[in-house]
Amino acid sequence: MLHGQTTRFSYLPPQIVKEVKKNTTILNLGSYLTQPDSFLTIQLFDGSWLRVGPESKFSIDFDPTKNEMEIYLFKGSLKGLFSTTLNKGKVQKLIVRSGDAVFETTNGKFSVVRNSLSDSTNLYVEKGLVHALQTQRGEKKDMELVHAQETVSVKDRELDIHPAHTLTEKEMSYLKSNSHLKFKKIQL
């Protein structure tokens, strides 16, 4: 599902920006950008789902030799639903990289929000289990297991992740898409 405007920038020549249309295949080797008041819902080939929020930039990389899907979230937010039992093992692990944070899951429903102003990335887990990793220059520095109904924040250039804590009511309401995806009513 597509609402508003989303564009794709190809990393390969010709390097052009193209508007993403409904039912477009999501490709490797390029980045996607949702505009203000826009969002993009993607069903990946393995049956996983991603919902990308307004003003978000991301790319997807799938390497069939590793059997892992990697998503790079440069700014904004995304919600993911991933399960190896539902996808019948087509992809073994979903990895989201954002700043110095890496989030890995084999079964989970979660949201990742990148805050470029505070150089931090927040993870909100609704269901399942997600490994939160703090990295610097590709080296793992700290790890935290984040369970259902918990959240954690990973700050860039820090060596420790603060322990996960239970989601507050405000954080739970944020996870509901109707709280941040505003639709304008058209009167006739």
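None of the values given here were measured: they were computed from a predicted structure.

Student: How should the overall build of the protein be read in this particular structure?
Tutor: The helix and strand inventory of the protein stands at one helix and 14 strands. Radius of gyration (C-alpha) of the protein: 16 Å, near the 16 Å computed for a compact globule of 188 residues. Oriented by its inertia axes, the alpha-carbon framework of the protein measures out at about 50 × 45 × 35 Å. Considering only contacts in the protein between residues 6 or more positions apart, those separated by 24 or more positions represent 43%. A total of about 10800 Å² of accessible surface is found on the protein, and carbon and sulfur atoms cover 54% of it. Charge-centre separation for the protein: the mean point of 26 positive side chains lies 8 Å from the mean point of 21 negative side chains.

Student: Please clarify how the environment of S48 should be interpreted in this entry.
Tutor: Structurally, S48 is set in the loop between strand 5 (39–43) and strand 6 (49–52). The exposure class of S48 is buried, given its relative accessible area of 4%. Residues S48 and Q134 lie 86 residues apart in sequence; the distance between their C-alpha atoms is 25 Å. What S48 contacts, discounting residues up to four positions off in sequence, is I42, Q43, L81 and F82.

Student: It is not clear to me how the environment of M69 should be interpreted in this structure. Could you clarify?
Tutor: Mapped onto the fold, M69 is located in strand 8 (residues 68–83). According to the relative accessible area criterion, M69 is buried, its value standing at 2%. Taking the C-alpha atoms as reference points, M69 and K93, 24 residues apart in sequence, are found 6.4 Å from one another. Dropping the residues within four chain positions of it, M69 is found in contact with L44, F45, I60, D61, F62, V91, K93, L94 and I95.

Student: Explain the packing of aromatic side chains to me, please; I cannot follow it from the model alone.
Tutor: Centre distance and the angle of the planes are the two values used to describe a pair of aromatic rings. Counted by the stated rule, this structure contains three aromatic pairs. The residue whose ring lies beneath R51 is F39, and the NZ or CZ to ring-centre distance is 4.1 Å. Above the face of the F74 ring, K57 is positioned so that its terminal group lies 5.8 Å from the ring centre.

Student: Quick question: what am I supposed to make of the pairing of strand 6 here?
Tutor: Across the two faces of strand 6 the burial differs, with L50 and V52 buried and W49 and R51 not buried at all. In terms of strand pairing, strand 5 meets strand 6 through four bridges, oriented antiparallel. Bridge pairing in strand 6 links I42 to L50. Here strand 6 runs beside strand 8; their pairing, made up of four bridges, is antiparallel. What sits directly across from V52, in strand 8, is L78.

Student: Is there a simple way to think about a nonpolar patch on the surface in this case?
Tutor: A grouping of F9, Y11, L12, V17, L29 and F74 is seen on the molecular surface, where their side chains present a nonpolar patch of about 540 Å² in accessible area. Structurally, the position occupied by Y11 is in the loop between strand 2 (6–10) and strand 3 (17–19). Given the relative accessible area of 36%, Y11 is considered partly exposed.

Student: It is not clear to me how the pairing of strand 4 (residues 30–34) should be interpreted in this structure. Could you clarify?
Tutor: In summary, the side chains of a regular strand alternate between the two faces of the sheet. With four of five residues buried, strand 4 is to be regarded as a mostly interior element. Of the strand pairs in this sheet, strand 2 and strand 4 are connected by five bridges, and their pairing is antiparallel. In the sheet register, T6 faces strand 4, and the bridge partner there is T34.

Thresholds, definitions, all that
Residues numbered from 1 in each chain as written. Predicted model: local features only at pLDDT ≥ 70, side-chain atom pairs only at ≥ 80, totals over all residues. Heavy atoms only, no water. Helix = DSSP H or I, 4+ residues; strand = E, 2+ residues; numbered from the N terminus. Rg over C-alpha atoms; globule rule 2.2 N^0.38 Å. Contact = heavy atoms within 4.5 Å. Areas by Shrake-Rupley, 256 points an atom, 1.4 Å probe, with all protein chains shown as cover. Lys, Arg positive; Asp, Glu negative; His and termini not counted. Charge placed at Lys NZ, Arg CZ, Asp CG, Glu CD. Buried < 20%, exposed > 50% of the residue type's maximum accessible area, 1.4 Å probe, protein only. Phe/Tyr/Trp six-rings, centres within 6.5 Å; stacked < 30°, edge-to-face > 60°. Lys NZ or Arg CZ within 6 Å of the ring centre and 35° of its normal. Pairing = 2+ DSSP bridges. Patch = residues over 30% accessible without salt bridge, like charges linked within 9 Å, V, L, I, M, F, W, Y side chains within 5 Å. Salt bridge = Lys/Arg side-chain N within 4 Å of Asp/Glu carboxyl O.

Any link to function would need more than the numbers given here.
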